[in-house]
Amino acid sequence: MEYFGYVKANVLDNEYILRQDMESYGEAKELFIEGGNFTFYNKDVKTNVVLKNMLEIEEEYVPTINEENQKEEMWAVLSNNNIEEYLESVIKDYEQRQELITSIVRKLNKNNISGLILNLQNINDYDSTQKFIQELTPRLREIGICVGVKINDEIKEKDFINIVDYLVK
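Presented here is an overview of the structure given in this document. (Residues numbered from 1 in each chain as written. Predicted model: local features only at pLDDT ≥ 70, side-chain atom pairs only at ≥ 80, totals over all residues. Heavy atoms only, no water.)

## Structural notes on the packing of aromatic side chains
Note the threshold: Ring pairs are drawn from Phe, Tyr and Trp, using the six-membered ring of Trp, whenever the two centres fall within 6.5 Å, and their geometry is named by plane angle: stacked under 30 degrees, edge-to-face over 60, tilted for the rest. Helix and strand definitions follow DSSP, with helices as H or I runs of at least four residues and strands as E runs of at least two, each counted in order from the N terminus. Burial classes: relative accessible area under 20% of the type maximum marks a residue as buried, over 50% as exposed, and values in between as partly exposed (1.4 Å probe, protein chains only).
Within this structure, the stated rule accounts for 2 aromatic pairs. Residues Tyr126 and Phe160 carry aromatic rings whose centres are separated by 6.3 Å and whose planes lie at 65° to one another, so their mutual orientation is edge-to-face. On the criterion of sequence distance, the pair formed by Tyr126 in helix α3 (residues 126-141) and Phe160 in helix α4 (residues 157-160) is long-range, its members being 34 residues apart. Overall, the relative accessible area of 0% leaves Phe160 in the buried class.

## Observations concerning α3
To keep things clear, this is the line we draw: What a helix should span is 1.5 Å times the count of its residues minus one. Throughout, a residue-residue contact means that at least one pair of heavy atoms, one from each residue, lies within 4.5 Å.
Between its terminal C-alpha atoms α3 stretches 23 Å, which fits the 22 Å expected from 16 residues at 1.5 Å a residue. Taken as a whole, α3 has its buried residues at Tyr126, Ser128, Thr129, Gln130, Phe132, Ile133, Leu136, Thr137, Pro138, Arg139, Leu140 and Arg141. Elements in contact with the buried residues of α3: β7 (70-79), α1 (84-92), α2 (94-110), β8 (115-119), β9 (146-150) and α4.

## Some details on the environment of Met54
By secondary structure assignment, the location of Met54 is in the loop between β5 (45-53) and β6 (64-65). Relative accessible area serves as the criterion here: at 7%, Met54 is assigned to the buried category. Through-space distance from the C-alpha of Met54 to that of Ala76 is 5.0 Å; in sequence the pair is 22 residues apart. Filtering out sequence-adjacent residues up to four positions away, Met54 remains in contact with Ala76, Val77, Leu78, Ile104, Lys107, Leu108 and Leu116.

## Some details on the pattern of salt bridges
Selection criterion: The term salt bridge refers to a side-chain nitrogen of Lys or Arg lying within 4 Å of a carboxyl oxygen of Asp or Glu.
In total, this model carries 4 salt bridges according to the counting rule given. Between Glu157 and Lys169 there is a salt bridge, and its shortest N-O distance comes to 2.8 Å. With Glu157 in helix α4 and Lys169 in the segment after β10 (166-168), the pair connects residues that are 12 residues apart, well separated along the chain. Notably, a salt bridge pairs Lys158 with Asp159, separated by 3.2 Å at the nearest N-O pair. In this structure Asp159 comes out as buried when scored by relative accessible area, which is 18%.

Distances and angles like these do not, on their own, reveal function.
This is how it looks when you write it as structure tokens:
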């Protein structure tokens, strides 16, 4: 028997949807970030994105839209810089990985963050890292948060193009 790990229940209709059967988002789009913040267009709306280290987010962010149809959002960056061994030990264990994912979801949702960019480097356990991203992405999408992965020598584009929303180059 194969387990997929998550069932979304619609209590009103007594309908159950397995996560793997939910609507596909298609291939990830490319984002190019130089320096700090970046801008992208979505349905003719120019969006200016403010990037902030996830560990430094302490209060709710209020996105703005001005008269020129320009929007400003805040996206968090989660990096394993200086915590590689700790993060790797957490994501190897299923229960600890789920606790970490729940904590990330709560923090981003509480602070009104629109997206998350994962910048993971010096990875020793690629399979656990891949599972972490595969399990985190749908949880964030359910609450309207985009997910991007920074492509580097260790994170391969082909492994994440159909999982995340953005590939950051």
